[in-house]
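A structural walkthrough
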Amino acid sequence: MQTWEFTVTGAVDNELEFTWEEFNDLPQETQRQDFHCVTGWSRFDNKFTGVTFPTLAERASVHDDAEHVLFGSLDGYSTNLPLDQCLRDEVLFVLELEGQPLPSEHGGPLRVVTPHKYAYKGAKWVTNVTLLTDPMRGYWEMRGYSNTANPWGEERYSSL
Ligand SMILES: Nc1nc2c(c(=O)[nH]1)N[C@H]1C(S)=C(S)[C@@H](COP(=O)(O)O)O[C@H]1N2
Ligand SMILES: [Mo]
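Residues numbered from 1 in each chain as written. Chains lettered and ligands numbered in written order. Predicted model: local features only at pLDDT ≥ 70, side-chain atom pairs only at ≥ 80, totals over all residues. Heavy atoms only, no water.

This brings us to unusual backbone geometry. Look at the link from G108 to P109: it is a cis peptide, with omega at 15°. Assignment of secondary structure puts P109 in the loop between strand 8 (100-101) and strand 9 (111-113). Although it is not a glycine, W125 adopts a positive phi angle of roughly 50°. Mapped onto the elements of the fold, W125 is located in the loop between strand 9 and strand 10 (126-132). Taking relative accessible area as the criterion, W125 reaches 24% and is therefore assigned partly exposed. At E154, a position not held by glycine, the phi torsion is positive, near 45°. By secondary structure assignment, the location of E154 is in the segment after strand 10. For E154, a relative accessible area of 52% corresponds to the exposed category. (Helix = DSSP H or I, 4+ residues; strand = E, 2+ residues; numbered from the N terminus. Buried < 20%, exposed > 50% of the residue type's maximum accessible area, 1.4 Å probe, protein only.)

Structure, rendered in structure tokens:
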């Protein structure tokens, strides 16, 4: 974890940069959440512990004209969401699964979960969050999956 670094940049007053120890010192909460992949499988009742998106947004002091968010990961993956879809306590930066450090195959040491969206909106191995004034598309959103990804609307594919 020596080289791990996490940043929040873009349309914010305070650009944030965390070492692993600093990130772990942020206030955390534990939640039970379901998980829906766009291809049809789900995993129910996962116990996740981590830092909420609003906690980070408050510390960064997000600009009034920020409307969108891009998440970036170590594997080059990215995904995007409107800011109002991120400012929810269930958008969690997960450090622990079932009380254990998040395994790397599930995105450890740190991943995002978005229970209100298909799971591709939750970046594994996340290391940067960029606040944007204009929308951008992430990896799957550029490749035909739905930009909005609401699982109850079964919004799987982009119509554009
Ligand atoms: N960095 C990164 N995050 C990612 C992906 C990925 O390929 N790279 N795949 C996404 C997709 S499509 C799904 S369904 C979930 C899978 O999470 P899991 O491996 O913990 O089941 O991670 C999402 N986050
Ligand atoms: Mo997925």
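Judged by nonpolar contacts, the single largest core of 37 residues is most densely connected at F6, F23, F53, F71 and F93. Listing elements by their share of this core, those giving two or more residues are strand 1 (5-10), strand 2 (16-19), helix 1 (20-24), helix 2 (53-60), strand 5 (68-73), helix 3 (83-86), strand 7 (92-97) and strand 10. Formed by eight residues, the second largest nonpolar core is a distinct cluster that contains F48, L92, L97 and V113. (Core = buried A, V, L, I, M, F, W, Y, C linked by side-chain atoms within 4.5 Å.)

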